[in-house]
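Breakdown of the fold
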Amino acid sequence: LKGIFYHASPNKFSQFRDPYGSGLSHIWFSEKPIKNTYGNEIYSVVLDIKNPLSEFETDNNYSKELRSYENPTNPDWVNNHHITGELPSFKYDGTIRISTVDDGKSITVRNPKQIHILGSKEDIEDFQKFVKN
């Protein structure tokens, strides 16, 4: 998945935390910066997603697969994450779906290690040049 994506938060932070600590199964991003809806701190990021579950693909049972993806009581998660601290192996490492807050797409990832925060305008400009080439 190529591109710059955005995460809005009411909080300032230097790195994303493990969503499992809060009982969630993923971290949300959007294609566009969306202020006020989720907070005024906007984080520009690059995401490392190799095998997303996409609402835009017709060859998967999206609704069924999504329920499994979002279920924080998934046996793999319960049995492995709490004991070892390691993320379990899941079929999908993220999702791409229709956004419910704008006309773009929503993207999720499971693990903060999949997120690289772009720290400056220069980072963002350099990445945009890289993607174009």
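Residues numbered from 1 in each chain as written. Predicted model: local features only at pLDDT ≥ 70, side-chain atom pairs only at ≥ 80, totals over all residues. Heavy atoms only, no water.

**Observations concerning the pairing of strand S1 (residues 5–9)**
Our working definition: Exposed residues in this analysis have more than 50% of their type's maximum accessible area, buried residues have under 20%, and partly exposed residues fall in between, with area computed by a 1.4 Å probe over protein chains only. Under the scheme used here, helices are H or I runs from DSSP no shorter than 4 residues and strands are E runs no shorter than 2 residues, and both carry numbers assigned from the N terminus. By definition, two strands form a pair when at least two bridges between them are found by DSSP.
Burial of S1 is extensive: 5 of the 5 residues sit out of reach of the surface. With 5 bridges connecting them, S1 and strand S3 (residues 41–47) associate as antiparallel partners. Of the residues in S3, the one forming a bridge with Tyr6 is Ser44.

**Details of the environment of Asn60**
Positionally, Asn60 belongs in the loop between strand S4 (52–54) and helix H1 (62–70). With a relative accessible area of 18%, Asn60 lands in the buried category.

**Examining the environment of Ile27**
Keep this limit in mind: By the convention used here, residues are in contact when the closest approach between their heavy atoms is within 4.5 Å.
Mapping Ile27 onto the fold places it in strand S2 (residues 27–30). Relative accessible area serves as the criterion here: at 7%, Ile27 is assigned to the buried category. Note: C-alpha distance between Ile27 and Gly94 (67 residues apart in sequence) is 9.1 Å. Not counting the four nearest positions on each side in its chain, Ile27 is found in contact with His7, Phe16, Arg17, Pro19, Ile107, Thr108, Val109, Pro112 and Ile115.

**Concerning the side chain of Thr95**
Using the following cut-off: For the purposes of these results, a polar contact is taken to be a pair of N or O atoms within 3.5 Å, where, inside protein, one atom must be able to donate a hydrogen and its partner to accept one; residues adjacent in sequence count only when each atom of the pair is a side-chain atom.
Residue placement: Thr95 occurs in strand S5 (residues 94–98). Among the polar contacts listed, one links the side chain of Thr95 to the side chain of Arg97, at a separation of 3.1 Å. One polar contact links Thr95 to Thr108, side chain to side chain, over a distance of 2.6 Å. Contacts of Thr95, omitting those with residues within four sequence positions, involve Pro52, Leu53, Leu66, Tyr69, Ser106, Ile107 and Thr108.

**Considering the environment of Ser54**
Here Ser54 is to be found in strand S4. In sequence terms Ser54 and Glu65 are 11 residues apart; their C-alpha atoms lie 9.9 Å from each other. Discounting chain neighbours no more than four positions away, the residues touching Ser54 are Asn60, Tyr62 and Ile96. At 3.1 Å, the side chain of Ser54 forms a polar contact with the backbone nitrogen of Phe56.

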